[in-house]
Amino acid sequence: LFDGVYPFYPQKRKAAVFDISTIIVIVVFLTFACSFLLIIPGIRGRARLYWTLRVLLSLAVGVVIVVVQFTGDWETGWVKANTSYKSFSHALVNVDIGLHIGLAGVNVTLMGNPVNQLNETINYNEHFAWSFDTDYDHSYSEGLEKGLPSPILYVAEKFTTQSACGVHRQYRISGHYASATLWVAFCTWLISNMLFSMPVLVYGGYMLLVTGAFMIFSLLSFSTVRNSPMCPIQFGTAALHTDYGGSFWLTLAIGLLCFVAGITVVALHYFNLDLLKTFFDLREDNEEEYQEMTEVYINPHFVNKGL
């Protein structure tokens, strides 16, 4: 007991999928999308469809670039095991143990099968941050003081700086550079949107290619941690293995989409410029451009006076 308080959570710990930052980013981009949908009826003709495709695809790229900065499923793994629940106790529980690795830290999830065992609710999700403005070891020490369940502490201990696994520095550096390249991709995405709003479409296509390249660079940065052997995480005979998660594959898909869109814009610029201008609603009205005066009226009085 610690001052009369039992050193385990009395309340139910819910395994969170999205954090507050992710929700805020999604709400902001949904607001932009809804605002555009309100004004889309004012666009006439086929240009309405082109505007809808351009804006929604652009917003999808932007929201993915920002959201994956805060998600925790770049690398995930689950295992079902019978393991001890508390220190200095031989009581075993049947649980699902999940490890979710993001760019800024790890989340360890513990869920009982069933949830209520040993007269307690086993449903935990704990976050341990390793970004440059946080101290992972301090977060781990706070978990020890809280009295977190043994499986969570066992998994979290693998990523401490003092662990024999030695993966803390690798994940921290790789996550930092992956995050930095994604922010550069976000800046190039903004520049591409500015260029697409002006009659320099080919340069917007080039910036889309740069955006896709930086997104791929972020994936390469994060994947470098897979080159070193992962420390085994064993729960009896069961082992916890991780693989690339949803955020990793989503970033890859959007990066490839940027490459396809950029190559398409550049190719149309050199082979079918009129179609490209039509899609971006920049086609000039040929009738007005080449309109000629059919009749000319001349006042003879002013002509004679001038002569």
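Residues numbered from 1 in each chain as written. Predicted model: local features only at pLDDT ≥ 70, side-chain atom pairs only at ≥ 80, totals over all residues. Heavy atoms only, no water.

Within an unreviewed UniProt entry, the label attached to the protein chain reads DOXA2 factor, and the organism entered is Halcyon senegalensis. Reading the Subcellular location (unreviewed entry) entry of the UniProt record for the protein chain gives the comment "Membrane". (UniProt positions renumbered as here; feature names shortened; annotations may be inferred.)

Caption draft 1: Local environment of the overall build of the protein chain. When helices and strands are tallied, the protein chain shows 10 helices and seven strands. Across the 307 residues in the protein chain, those meeting the buried criterion constitute 43%. At a minimum sequence separation of 6, the contacts of the protein chain that also span at least 24 residues come to 67%. Split by element, the accessible area of the protein chain, about 18,000 Å² in all, is 63% carbon and sulfur. (Helix = DSSP H or I, 4+ residues; strand = E, 2+ residues; numbered from the N terminus. Buried < 20%, exposed > 50% of the residue type's maximum accessible area, 1.4 Å probe, protein only. Contact = heavy atoms within 4.5 Å. Areas by Shrake-Rupley, 256 points an atom, 1.4 Å probe, with all protein chains shown as cover.)

Caption draft 2: Spatial organisation of the packing of helix 5 (residues 168-196) against helix 6 (residues 201-223). Contact geometry of helix 5 with helix 6 gives a least axis separation of 8 Å together with a crossing angle of 170°. Considering their axes alone, helix 5 and helix 6 lie roughly antiparallel with respect to each other. Looking at the contact of helix 5 with helix 6, its residues break down into 18 nonpolar, nine polar and no charged. (Axes fitted to C-alpha atoms, helices over the stretch in contact; angles between N-to-C directions. Parallel < 35°, antiparallel > 145°, perpendicular 65-115°, else oblique. Nonpolar A, V, L, I, M, F, W, Y, C, P; charged D, E, K, R; others polar.)

Caption draft 3: Quick peek at the pattern of salt bridges. Inspection of the entire model under this criterion finds two salt bridges. A salt bridge links D96 to K80, with the nearest nitrogen and oxygen atoms 3.0 Å apart. One end of the pair, D96, is in strand 2 (residues 92-101); the other, K80, is in strand 1 (residues 75-84), with 16 residues separating them in the sequence. Residue class for K80 comes out exposed when judged on its relative accessible area of 52%. In this structure, E120 and K86 form a salt bridge, with 3.0 Å as the shortest nitrogen-oxygen distance. Placement of E120 in strand 4 (residues 120-129) and of K86 in the loop between strand 1 and strand 2 is noted, with a sequence separation of 34 residues between them. (Salt bridge = Lys/Arg side-chain N within 4 Å of Asp/Glu carboxyl O.)

Caption draft 4: Structural context of a nonpolar patch on the surface. On the surface, I20, I23, I24, V27, V28 and F32 cluster together into a nonpolar patch covering about 560 Å² of accessible area. Inspection of the secondary structure assignment puts V27 in helix 1 (residues 20-39). (Patch = residues over 30% accessible without salt bridge, like charges linked within 9 Å, V, L, I, M, F, W, Y side chains within 5 Å.)

Caption draft 5: Representation of the layout of surface pockets in the model. Quantified by volume, the second largest pocket comes out at close to 610 Å³. Along the walls of the second largest pocket sit 24 residues, with R54, F196, L208, F279 and F280 positioned nearest its centre. In terms of residue class, the lining of the second largest pocket is made up of 18 nonpolar, five polar and one charged. (1 Å grid on protein atoms, 1.4 Å probe; cavity = no way out; pocket = protein on both sides within 12 Å on 5 of 7 lines; lining within 4 Å. Points joined across faces, edges and corners; volume = space filled by probe spheres on them.)

Caption draft 6: A look at helix 3 (residues 136-146). Among all positions of helix 3, only Y136, S139, Y140 and G143 are buried. What you see down the axis of helix 3 is that its buried residues fit within an arc of 100°, all on one side. In this structure, the buried side of helix 3 is in contact with strand 3 (105-117), strand 4, helix 4 (150-157) and helix 5. Among the residues of helix 3, the N-terminal cap falls to D135, whose side-chain oxygen and the backbone nitrogen of D137 are separated by 3.2 Å. (Arc of directions from axis to C-beta. Polar contact = N/O pair within 3.5 Å; in protein donor to acceptor, adjacent residues only side chain to side chain.)

Caption draft 7: Region of interest: the nonpolar core. Formed by 69 residues in total, the largest nonpolar core has its most connected members in L99 and F159. Examining the composition of this core, we find that nine residues originate from one element, helix 2 (residues 47-67), more than from any other. Sequence-distant contacts of L99, that is, excluding residues within four places in its chain, are made with E75, T76, G77, V106, N107, V108, V155, F159, I233, L240 and T242. (Core = buried A, V, L, I, M, F, W, Y, C linked by side-chain atoms within 4.5 Å.)

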